[in-house]
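Structural overview for review
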Amino acid sequence: MKLKSVTESFAKVIHGLNVGHLTDRVIQRSKRMILDTLGVGFLGTGTEVFHKANEYSKIYSSNVSSTVWGQPTLRLPPTYAAFVNGVAIHSMDFDDTWHPATHPSGAVLPVLMALSEAQLPSPKLSGLDLLLAFNVGVEVQGRLMNFSKDANNIPKRFHPPSVVGTLGSAAAASKMLGLSMANCQKALAIAVSHAGAPMANAATQTKPLHMGNAARHGMEAAFLALLGLEGNKQVLDTQTGFGAFYTNYSPKVLPNLDSYTWLLDQQDVAFKSFPAHLATHWVADAAASVRKHLVTDRAMLPTDHIERIVLRIPDVQYVNRPFPDSEHEARHSFQYAACAMLLDGGIAVPSFHRDQINKPQVRELLGKVELEHPQDNLPSFNTLYCEISVTLKDGATLTERCDTFYGHWRKPLSQKDLEAKFRANASTMLSCDTVERLIQTVDNLEGIEDCSVLTSLLKGPSPPEMISQSI
């Protein structure tokens, strides 16, 4: 069959890919993404932005419902369960990151968990079915980003999860719901009209809503397409369609199914070791190296000996925050990442609490930070580096550089460390036994016949357990 458009080729891929197309590498990489995303989602249910989104969503009711992760007494319609779980995943900017730049898992996994638990379209979904739909959602995001040179760089205009994430969500939901090729094409068109959020809301409580909305709107697009709602059949082909989000959009027809290769097979994702913008991880790594020259063991950093701190990093304005006032600003601050690492020798979830951000030593050190933007340091997660120079009052200068931090796709987290991150995050809401069962379940996902084994573990402690844990 001769394809008429790029959009049609996407619909054909979404509809036509099957579990036989999955490779061992794609299965292993995507299981790591699923485990990590579940963990940061559980951790995120303790954040203020999650509680606000959760309270808002309680106004909705439905005969069909899904779990809000870690909230055993609360169930919501699938679209709103996906929304609040998506908000939780991105509430701390702790979720996985890809190249070209986006957070691929957070817009997709909440959709599939919600649909699976609501038993749509059928009561039984296998682990392989879940892995296939998940990878279809991730694949669509990657293919769309590769249509633009702009997407290779850290974004300036639109937050990528709100753009490609919405279409990835629609693709994943379409796959799970068993939509026809024609309806897959409709779902993509509808999703484009739900897509897009400006970068101005980065480093605010609104940014996590971008992920929640991507999950919800993509699922809604699939539901509406299932009912026959129509959109532009060439929405991915035109500059006034999906091309509206990019200045140099150049779409191409996707490969044939008989020779199809997955982007995740070629390009792994980055997993974060602390909850902040990915670019700050290069800064933290370089600062940790400098700190080893300044202090021994657990000694305090001699801040009064420091004259100035120079960070040579890419010019990324929304991560240039000299004096962050909130946890969300601190997560998007080159300066704060450098100072927190220099002072404490590590960065973790508590590093972004308000009392830490406002410590006198932190504010003093922030005042000594200067930024430089070398011409060769481009704002791409694939090529950027950080060089830090700390000049002491005696005139000595210590310089260190990070080209690849631990957790980047070139230096991936070990399975042991990925599971340790999951344990630390998920144990904020779940019992140790449930945490271990989740690790085992995800590890064996391709062998599971019924995904209710997984979704039943997401509810969190029952009320009696919650009471006993709080005593």
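In this text the structure is predicted, and so the values were computed from the model without any measurement.

1. Concerning the environment of Leu224
Looking at where Leu224 falls in the secondary structure, it is placed in helix H9 (residues 207-226). Between the C-alpha atom of Leu224 and that of Phe42, which follows or precedes it by 182 residues, the distance is 30 Å. Look past the residues within four positions of Leu224 in its chain and what remains in contact with it is Ile190 and Leu229.

2. Remarks on the sheet that holds strand E3 (residues 306-312)
On the basis of which strands lie adjacent, the open sheet formed by four strands has the order E4-E3-E5-E6 and mixed pairing. Only two strands of the sheet have a single neighbouring strand rather than two, namely strand E4 (369-372) and strand E6 (397-402). On average, each strand axis in the sheet is tilted by 15° relative to the strand beside it, whichever way the strands run. Across six bridges, strand E5 (residues 386-392) lies against E6 in antiparallel orientation. Counterpart to Thr391 in the pairing with E6 is Thr397. Lying over the sheet, helix H11 (residues 279-294) contacts E3, E5 and E6, oriented at roughly 145° with respect to E6. Running at roughly 130° to E3, helix H13 (residues 334-344) makes contact with E3, E4 and E5 of the sheet.

3. Comments concerning the pattern of salt bridges
Tallying each qualifying case throughout the model produces 22 salt bridges. A salt bridge links Glu436 to Arg423; its shortest N-O distance comes to 2.6 Å. Separated by 13 residues along the polypeptide, Glu436 in helix H17 (residues 432-443) and Arg423 in helix H16 (residues 415-426) bring together distant segments of the chain. Several salt bridges converge on common partners, so that one network encompasses Arg75, Glu117 and Lys459.

4. A look at the nonpolar core
Of all hydrophobic cores here, the largest spans 107 residues; its most connected members are Leu38, Leu144, Leu167, Leu236 and Phe242. With ten residues, the single largest contributor to this core is helix H6 (residues 127-145). The residues contacting Leu167, other than those within four sequence positions of it, are Val140, Leu144, Leu188, Ala191, Val192, Ala195, Leu236 and Phe242. Membership of the second largest hydrophobic core comes to 51 residues, among which are Ala270, Leu342, Leu384 and Trp409.

5. With respect to the packing of aromatic side chains
Counting across every chain of the model gives twelve aromatic pairs. Aromatic side chains Phe42 and Trp69 sit 6.2 Å apart centroid to centroid with 45° between the ring planes, which places their arrangement in the tilted category. Taken together, the positions of Phe42 in helix H2 (residues 24-44) and Trp69 in the loop between strand E1 (66-68) and strand E2 (71-76) put the pair 27 residues apart, joining distant regions of the chain. Both residues of the pair, Phe42 and Trp69, count as buried. Taken together, a centroid distance of 6.3 Å and an interplanar angle of 10° make the contact between Trp282 and Phe381 stacked. In this pair, Trp282 sits in helix H11 while Phe381 sits in the loop between E4 and E5, placing the two residues 99 residues apart along the sequence. Across the pair, Phe381 and Trp282 agree in class, each one buried. Three or more aromatic residues joined by ring pairs make a cluster, and in this case those are Phe10, Phe147, Phe158, Phe242, Phe245, Tyr246 and Tyr249. Against the face of Phe83 rests Arg216, its NZ or CZ located 5.4 Å from the ring centre. A cation over an aromatic ring shows up here: Lys421 above the ring of Phe94, its NZ or CZ 4.2 Å from the ring centre.

6. Focus on helix H3 (residues 48-57)
Buried residues of H3: Val49, Phe50, Ala53, Asn54 and Ser57, and no others. One side of H3 holds all its buried residues, which, seen down the axis, span an arc of 135°. The inward-facing, buried residues of H3 abut H2, E1, E2, helix H4 (78-90) and H9.

7. Quick notes on the packing of helix H1 (residues 6-16) against helix H7 (residues 160-177)
Look at H1 against H7: their axes get within 9 Å of each other, and the N-to-C directions meet at 45°. Relative to H7, H1 is oriented oblique. Remark: the crossing between H1 and H7 carries right-handed chirality. Packed against H1, whose contacting residues are Ile14, His15 and Gly16, the element H7 presents Ala171, Ser174 and Lys175 at the interface. Taken together, the residues of the contact of H1 with H7 break down into two nonpolar, three polar and one charged.

8. A look at the pairing of E2
With three bridges joining them, E1 and E2 adopt antiparallel strand pairing. Bridge pairing links Ser66 to Leu76 in E2. The loop that links E1 with its antiparallel partner E2 comprises two residues; one of these, Gly70, has a positive phi angle of about 75°.

9. What about the confidence of the model for the protein?
Mean pLDDT over the protein stands at 93; residues scoring 70 or higher make up 96%. This stretch, residues 463-471, has a pLDDT under 50; its non-local contacts, to residues over four places away or in other chains, come to six contacts.

Rules and cut-offs
- Residues numbered from 1 in each chain as written.
- Predicted model: local features only at pLDDT ≥ 70, side-chain atom pairs only at ≥ 80, totals over all residues.
- Heavy atoms only, no water.
- Helix = DSSP H or I, 4+ residues; strand = E, 2+ residues; numbered from the N terminus.
- Contact = heavy atoms within 4.5 Å.
- Pairing = 2+ DSSP bridges.
- Axes fitted to C-alpha atoms, helices over the stretch in contact; angles between N-to-C directions.
- Salt bridge = Lys/Arg side-chain N within 4 Å of Asp/Glu carboxyl O.
- Core = buried A, V, L, I, M, F, W, Y, C linked by side-chain atoms within 4.5 Å.
- Buried < 20%, exposed > 50% of the residue type's maximum accessible area, 1.4 Å probe, protein only.
- Phe/Tyr/Trp six-rings, centres within 6.5 Å; stacked < 30°, edge-to-face > 60°.
- Lys NZ or Arg CZ within 6 Å of the ring centre and 35° of its normal.
- Arc of directions from axis to C-beta.
- Parallel < 35°, antiparallel > 145°, perpendicular 65-115°, else oblique.
- Left-handed = near helix turned anticlockwise from the far one by under 90°.
- Nonpolar A, V, L, I, M, F, W, Y, C, P; charged D, E, K, R; others polar.
- pLDDT = per-residue confidence, 0-100.

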